[in-house]
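# Structural description and commentary
Residue strings, one per chain:
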Amino acid sequence: MSDHVWRRLPGQAVNTSSPTELGALVPSRYDAGFAELTAAGLALAVRRTARLMALALTENGLHPDPAARLPLHGGAPRPAGEPEVHVLRPEQVAAASVFLRGSALGELVRQQESLLARTVVALGYVTPWSEALAAEVVADLRELRDFFADAAAAGDAVVMRSAL
């Protein structure tokens, strides 16, 4: 399991920096200043639910909308050998926000319970799939929805980095 961290940046930043440079601006949850960025709504991190969140959004068959992939897998592709960094331009952030706001996040998780339970086993989670873990996934999806809504309202870009 890896941390997934999202960082809001001014929309024009994507025009002046490479994905590698932008990825360097995404802090780890252990970096100095991370708590301040999170409190200001400029960063968001999840530890153990990102893969489950992605499956709930994209493996349900209800949302053929390409925006379903944006919050966790979208943005400009990274060059081979580069860290897993996804850069979403302001228009992609807006599309992701519309998708997340229009989705019944709890229902998406409920519809994928068997897939999510199998994934928990396959990824070696310490605890099995449960109502508590489902509630954690839904809560993290709601935080992501709110983060993207704020970023879209500000015209920001979002950079997501997955780090071990």
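In this report, we go over the structure that sits alongside the text.

Conventions we followed
Residues numbered from 1 in each chain as written. Predicted model: local features only at pLDDT ≥ 70, side-chain atom pairs only at ≥ 80, totals over all residues. Heavy atoms only, no water. Helix = DSSP H or I, 4+ residues; strand = E, 2+ residues; numbered from the N terminus. Buried < 20%, exposed > 50% of the residue type's maximum accessible area, 1.4 Å probe, protein only. Contact = heavy atoms within 4.5 Å. Areas by Shrake-Rupley, 256 points an atom, 1.4 Å probe, with all protein chains shown as cover. Salt bridge = Lys/Arg side-chain N within 4 Å of Asp/Glu carboxyl O. Core = buried A, V, L, I, M, F, W, Y, C linked by side-chain atoms within 4.5 Å. Phe/Tyr/Trp six-rings, centres within 6.5 Å; stacked < 30°, edge-to-face > 60°. Polar contact = N/O pair within 3.5 Å; in protein donor to acceptor, adjacent residues only side chain to side chain. Expected span 1.5 Å × (residues − 1). Arc of directions from axis to C-beta.

## Examining the overall build of the chain
Per the secondary structure count, the chain includes nine helices and four strands. Along the chain direction, N to C, the helices and strands of the chain fall in the order β-α-α-α-β-α-α-β-α-α-α-α-β. When each of the 164 residues of the chain is scored for burial, the buried share is 45%. Of the contacts formed within the chain by residues at least 6 apart in sequence, a portion of 77% connects residues at least 24 apart. Per element, the accessible surface of the chain, about 8,000 Å² overall, is 55% carbon and sulfur.

## A look at the pattern of salt bridges
Summed over the entire model, instances satisfying the criterion amount to five salt bridges. Taking the shortest distance from any N to any O, the salt bridge between Arg 48 and Glu 136 comes out at 3.1 Å. Of this pair, Arg 48 sits in the loop between strand 2 (43-46) and helix 4 (50-58) while Glu 136 sits in helix 9 (residues 131-154), and the two are 88 residues apart along the sequence. Among the residues examined, Glu 136 registers a relative accessible area of 28% and is labelled partly exposed. Linking Arg 110 and Glu 107 is a salt bridge whose minimum nitrogen-to-oxygen distance equals 3.4 Å.

## Quick word on the nonpolar core
Counting 38 residues, the largest nonpolar core has Trp 6, Val 109, Trp 129 and Phe 148 as its most contacted members. Within the residue set of this core, elements represented by two or more residues are strand 2, helix 4, helix 5 (70-73), helix 6 (90-101), helix 7 (105-111), helix 8 (113-122), helix 9 and strand 4 (157-163). A total of nine residues in this core trace back to one element, the largest contributor, which is helix 9. Core analysis: the next-biggest nonpolar cluster, separate from the first, contains 13 residues, Val 5, Leu 9, Val 26 and Val 159 among them.

## Some remarks on the packing of aromatic side chains
For any pair of aromatic rings, the description rests on two quantities: the centre-to-centre distance and the angle between the ring planes. Under the counting rule described, the total for this entry stands at one aromatic pair. Aromatic side chains Phe 147 and Phe 148 sit 6.1 Å apart centroid to centroid with 75° between the ring planes, which places their arrangement in the edge-to-face category. Here the two residues Phe 147 and Phe 148 agree in accessibility, since each one is buried.

## Regarding the side chain of Arg 8
Tracing the backbone shows Arg 8 in strand 1 (residues 3-9). For Arg 8, a relative accessible area of 12% corresponds to the buried category. At a separation of 2.8 Å, a polar atom in the side chain of Arg 8 contacts the side chain of Asp 156. Beyond its immediate stretch of four places on either side in the chain, Arg 8 contacts Gly 41, Leu 42, Phe 147, Asp 150, Ala 151, Ala 154, Asp 156, Ala 157 and Val 158.

## Considerations on helix 6
Given a rise of 1.5 Å per residue, twelve residues ought to cover 16 Å, and the 16 Å separating the end C-alpha atoms of helix 6 matches this to within 8%. Listed in full, the buried residues belonging to helix 6 are Val 93, Ala 96, Ser 97, Phe 99 and Leu 100. End-on, the buried residues of helix 6 take up no more than an arc of 165°, which puts them together on one face.

## Here's the deal with the environment of Gly 41
Inspection of the secondary structure assignment puts Gly 41 in the loop between helix 3 (34-39) and strand 2. In this structure, the C-alpha to C-alpha distance between Gly 41 and Ala 151, residues 110 residues apart in sequence, is 8.8 Å. Those residues in contact with Gly 41 that sit more than four places away from it in its chain are Arg 8 and Phe 147.

## Observations regarding the environment of Leu 108
Note that Leu 108 resides in helix 7. Separated by 52 residues in the primary sequence, Leu 108 and Ala 56 place their C-alpha atoms 5.6 Å from one another.

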